[in-house]
Amino acid sequence: MNLLKSTGTIAGLTLVSRIFGFVRDIMLARVLGAGAAADAWQLAFQLPNIFRRLFAEGAFSAAFVPLFNRKLEEDEGRSAAQNFAIDVLSVFVPILLVFTAVMMLAMPWIVWFIDDFGEGGRTSDFSISLARITFPYLGLISAATLFAAILNSVSRFAAAAAAPIMLNICMITALLIVLGIDGGADPQRTAYYIAFAVSISGVLQMLWLYFWARKAGFAFAIKKPKFTPDVKELGILILPAVFGAGIYQISRFIDLFFLGRLPEGSFVYLAMGDRLNQLPLGIIGIALGTAILPALSRFIAKDDQGGAQRLQSNAIELAMLLTIPAAMALFFASGPLVTSFYVGGNFHARDGAATAGVVSALVIGLPAYVLVKVLIPGFFARKDTKTPVYTAGISLIINIILNILLIPIYGITGLAFAGAMAAWSNCAMLYFMLHRRGHFHLELSLLLRMGRITVSAAGMAVVLVYGAPLGEGFYDGSIWQRIGSITALVCAGGFVYAVLAWLTGAIDRDKIAMLTKKKAAEQAAQEGQ
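The residue count restarts for each chain, going from 1 along the sequence in the order it is written. Thresholds applied to this predicted model are a pLDDT of at least 70 for local features of residues and 80 or more for the giving and counting of side-chain atom pairs; totals over whole chains, interfaces and linings are not thresholded and use all residues. Heavy atoms from the whole structure form the basis of all side-chain values; hydrogens and water molecules are not counted.

Q: Before we go on, may I ask you to explain the layout of surface pockets in this structure?
A: Taking a probe equal in size to a water molecule and rolling it over the atoms shows the remaining empty space. Within this model, the largest pocket holds a volume of roughly 1,000 Å³. Only protein atoms enter the calculation, which uses a 1 Å grid: trapped sets of points that fit a 1.4 Å probe without letting it out are cavities, open sets showing protein on both sides within 12 Å along at least five of seven lines are pockets, and any residue with an atom within 4 Å of a point is a lining residue. In terms of lining residues, the largest pocket is bounded by 30 residues, among which Leu-279, Leu-337, Phe-341, Ile-486 and Val-490 are the most central. At the level of secondary structure, the elements contributing two or more residues to the lining of the largest pocket comprise α1 (3-32), α12 (266-301), α13 (305-332), α14 (334-341), α20 (444-467) and α21 (479-504). What counts as a helix is a DSSP run of H or I of at least four residues, what counts as a strand is a run of E of at least two, and both are numbered from the N terminus. At 10 residues, α21 tops the list of elements feeding residues into the lining of the largest pocket. Here the lining of the largest pocket is composed, by residue class, of 24 nonpolar, four polar and two charged. Grid points are joined across faces, edges and corners, and a volume is the space filled by probe spheres set on the points. Here the nonpolar group is Ala, Val, Leu, Ile, Met, Phe, Trp, Tyr, Cys and Pro; Asp, Glu, Lys and Arg are the charged ones; every other residue, Gly included, is treated as polar.

Q: Sorry, what's going on with the packing of α13 against α20 here?
A: The description of two packed helices rests on the angle between their axes and on the distance between the axes. The interhelical angle for the contact between α13 and α20, taken along N-to-C directions, is 20 degrees, at an axis separation of 9 Å. Considering the angle they form, α13 stands roughly parallel to α20. By crossing handedness, the relation of α13 to α20 is classed as right-handed. The residues of α20 that touch α13, namely those facing Ser-313, Ile-316, Glu-317, Met-320, Leu-321, Ile-324, Pro-325, Met-328, Ala-329 and Phe-332, are Leu-446, Arg-449, Met-450, Ile-453, Thr-454, Ala-457, Ala-458, Met-460, Ala-461, Leu-464 and Val-465. Class assignment of the residues belonging to the contact of α13 with α20 gives a composition of 17 nonpolar, two polar and two charged. An axis is simply a line fitted to the C-alpha atoms; with a helix, the fit covers only the stretch in contact. Between two such axes, the angle follows the N-to-C directions and lies from 0 to 180 degrees. Under this scheme an angle from 65 to 115 degrees is roughly perpendicular, one under 35 degrees roughly parallel, and one over 145 degrees roughly antiparallel; angles in between are oblique. Crossings are assigned a handedness: left-handed for a near helix turned anticlockwise from the far helix by less than a right angle, right-handed for a clockwise turn. In what follows, residue pairs with any heavy atoms lying within 4.5 Å of each other are defined as contacts.

Q: Please explain the nonpolar core as it appears in this structure.
A: Nonpolar side chains tend toward joint burial in soluble globular proteins. Residues grouped as a nonpolar core are buried Ala, Val, Leu, Ile, Met, Phe, Trp, Tyr and Cys residues, joined through side-chain atoms within 4.5 Å. Each residue's exposure class comes from its accessible area (1.4 Å probe, protein chains only) as a fraction of the maximum for that residue type: buried when under 20%, exposed when over 50%, partly exposed otherwise. Ranked by size, the top nonpolar core spans 143 residues in total, and within it Trp-41, Phe-64 and Leu-146 carry the most contacts. Not counting the four nearest positions on each side in its chain, Leu-146 is found in contact with Phe-60, Phe-64, Ala-85, Val-88, Leu-89 and Phe-220. By size, the runner-up hydrophobic cluster in this structure holds five residues, among which are Phe-299, Ala-308, Leu-311 and Ala-381.

What follows is the structure in structure tokens.
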């Protein structure tokens, strides 16, 4: 597997999705603003996505991919792997249908619980109906997860990475329709249109991934659910992984619980701030985590511990080369970025200031979020889905304690900072466990490289601190003033970082050259660093 090419494919398509996501959120901010309708929409959108992350980006893929890869290794004709996928799909779909139906029936009580037990002003027929419209997205996108996992297992990453683009295109289309009808004058109408767009996008993503899985040579059929030995093995692996990922989702629910007790607009501020935080996280962290799991599983299946060590080291180095400067840039330029992207229409300067504070707090944990995505495959590839449960549980407790302590003082910014600190604690625990078991350790050369990366990023930060004030008056100007000022600031910072990284040796030129070669990950494992 060519790590750089695979990561680049996923990251490039994820970047396209994130760009569409930015366009979507810019339109949402200006049309809906940060009022009651916008909060109701964000709540309705968050609920299915919490469970989407549980199934689509967490436990299911982590448990399914190693088993599916084992079937591929056992049977070059793929028939065993295909039958395994069909058995899983036949059990998976009914469970999703029942779960979705139960959640939709229970929606009034779920919204009531989040909304300060009905005292936060967000419990209404409008909020509940929005949540019911969006929730079927969970079942659709979770079924699509199986097709995506199959494609990733055979190193066909493009189709799965491209699928989320459809969500943003559907939502943008809905917003354009609303603007054409009444210019977005009715916030509730706007919220209803984009809620239906979310569920429609789930249908499109499922059909898209099904098509490409068929194109890859796999056929599917729904049959009577049957718990075969392989499905039972998957269940044994997935249950603790679901619980572990579920702890993270409980943390997300707790965030919603605290948000429901904060002033109007808090749902919007966190969502808009997280969009900027998710840009490097999605492009770098999720891309690397997705790309290395199949290769790591193969190294471990061959008992090649040296190859697994070097693959994860390469992944961490590549992740930090991009993530550390991204975190510093977002921290020191959060104000100009938020103003340029979001402020305007119904999203006012005070909303921008609140969102910028959230961004600065969130990105403190950005390197940790990415490192967690790179470290967790080290457990999943060894079929250890329990350890991440324990570390996630401890970090959840830390998150709750910090929320209780910080939110009364710092409000929404305190909530964001609590999440960042919890992510660092999770990262530290995961590394400690891998190191103690002899599965992975940070070598001196990697630590020195990360130090050079940090020094180079600090030089970039100085440029941003002194350069940002020069654009005042342009960040909230015309569209061309916004584009020009923020582009100049980003390019200046990026140029300084690239030069310093090259001069200090933060960029390993030999390794980058090696990673671009065919079968780079395997070559790296065999040849050493």
